[in-house]
Amino acid sequence: LILVVSLIATTSALAYGLGWSKILAVDSISITGTEQSSLITSQLVAGESKIRVGEPLARINPRTESNLIEDLEWIAGANVSRNWWSGEVKIQITERIPVAVFKESLASNDPKYLTSDGVEFSSPQKFSNLAEISLGQSSKSERRRIASFVSHLPPGLVGSLLALEISTDREIGMQMSQGKKTLSVNWG
């Protein structure tokens, strides 16, 4: 009986120590991989994240916190890790890298970019020297088609892309750099 009581008391003390006490709590938070740390912090606050200085480390679910950060469309990936010894929570961010911008969105405050794998996103950063995509009709199906087209291009072609245009009769025109020359390709 004494063994059972001491086992229950030890288990209860450990559970309290991990889940409620400040013994194993967050001492510091570091965000790397982005210049937009304040936006990441705002997203965590808005999503009622458990990542806060003083919060017990055991209450932080790294996958849930990563998913919360990845809800920002300009984030390609987020990795949240806890260090039980130092109390540090590390957040590693991978931002989306655009290869093109939709020409129609350039005049707005929130331009739409396209990644090489066909993901369309907006970003708090402004990117320059990107291929411009012009759509004859700016419908969602046209945008999906151009995203699919870009995602199936070989990386060498995507890297040399200067402009992409879908005409009203659904032909795709592409301009790419070939050394000092510009090459035009029409896809039917």
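Above this text you will find the structure in question.
The residue numbers shown here count from 1 along each chain, following its written sequence. Reporting in this predicted model follows two pLDDT cut-offs: at least 70 for local features of residues, and 80 or more for side-chain atom pairs to be given and counted; totals over whole chains, interfaces and linings ignore these cut-offs and use all residues. Computation of side-chain values: all heavy atoms of the structure, hydrogens and water removed.

Novice: When you look at unusual backbone geometry in this model, what are you seeing that I'm missing?
Specialist: Phi is mostly negative for residues that are not glycine, and the peptide bonds are mostly trans. At Glu 48, a residue that is not glycine, the phi angle is positive and equals roughly 55 degrees. Its identity is not glycine, yet Asn 129 carries a phi of approximately 55 degrees, on the positive side. Strands are runs of DSSP state E lasting at least two residues, helices are runs of H or I lasting at least four, and both sets are numbered from the N terminus onward. Of note, Asn 129 is situated in the loop between strand E6 (120-121) and strand E7 (131-135).

Novice: Help me out: how do you make sense of the environment of Ile 146 in this one?
Specialist: Inspection of the secondary structure puts Ile 146 in helix H4 (residues 140-152). Per-residue accessibility, obtained with a 1.4 Å probe over protein chains only, is compared with the maximum for each type, and a residue is labelled buried under 20%, exposed over 50%, and partly exposed between these values. Classification of Ile 146 as buried rests on a relative accessible area of 0%. Once the C-alpha coordinates of Ile 146 and Gly 118 are considered, the two residues, 28 residues apart in sequence, prove to be 7.8 Å apart.

Novice: I would appreciate a short explanation of the sheet that holds strand E2 (residues 75-82) in the present structure.
Specialist: Strands belonging to one sheet form pairs held by backbone hydrogen bonds; the direction of such a pair is parallel or antiparallel. Here, strands pair whenever DSSP counts at least two bridges between them. Sheet architecture is open: 3 strands sit in the order E1-E3-E2, paired in mixed fashion. Two strands close off the open sheet at either side, each with one partner strand: strand E1 (28-32) and E2. Each adjacent strand pair in this sheet contributes to an overall mean axis angle of 15 degrees, direction not counted. Note: E2 against strand E3 (residues 88-95), 7 bridges, orientation antiparallel. Paired with Ala 78 across the bridge in E3 is Ile 93. In this description, contact between two residues means that some pair of their heavy atoms is separated by no more than 4.5 Å. Geometry is summarised by axes, namely lines fitted to C-alpha atoms with helices restricted to the contacting stretch, and by angles between N-to-C directions that run from 0 to 180 degrees. The strands touched by helix H2 (residues 37-46) within the sheet are E1, E2 and E3, with E1 carrying the most contacts at an inclination of about 125 degrees.

Novice: Explain the packing of H2 against helix H3 (residues 62-70) to me, please; I cannot follow it from the model alone.
Specialist: In a packed pair of helices, the relevant descriptors are the angle between the two axes and the axis-to-axis distance. Where H2 meets H3, the closest approach of the two axes is 9 Å, and the angle between their N-to-C directions is 115 degrees. Helix-helix and strand crossings are classified by hand; for H2 and H3 the assignment is right-handed. Residues Ile 40, Gln 43 and Leu 44 of H2 lie in contact with H3, whose contacting residues are Glu 65, Leu 68 and Ile 69. Amino acid classes used here: Ala, Val, Leu, Ile, Met, Phe, Trp, Tyr, Cys and Pro are nonpolar; Asp, Glu, Lys and Arg are charged; the rest, including Gly, are polar. Split by residue class, the contact of H2 with H3 holds 4 nonpolar, 1 polar and 1 charged. For a crossing to be left-handed, the near helix must be turned anticlockwise from the far one by less than a right angle; the clockwise case is right-handed.

Worth remembering: the numbers are spatial, not functional.
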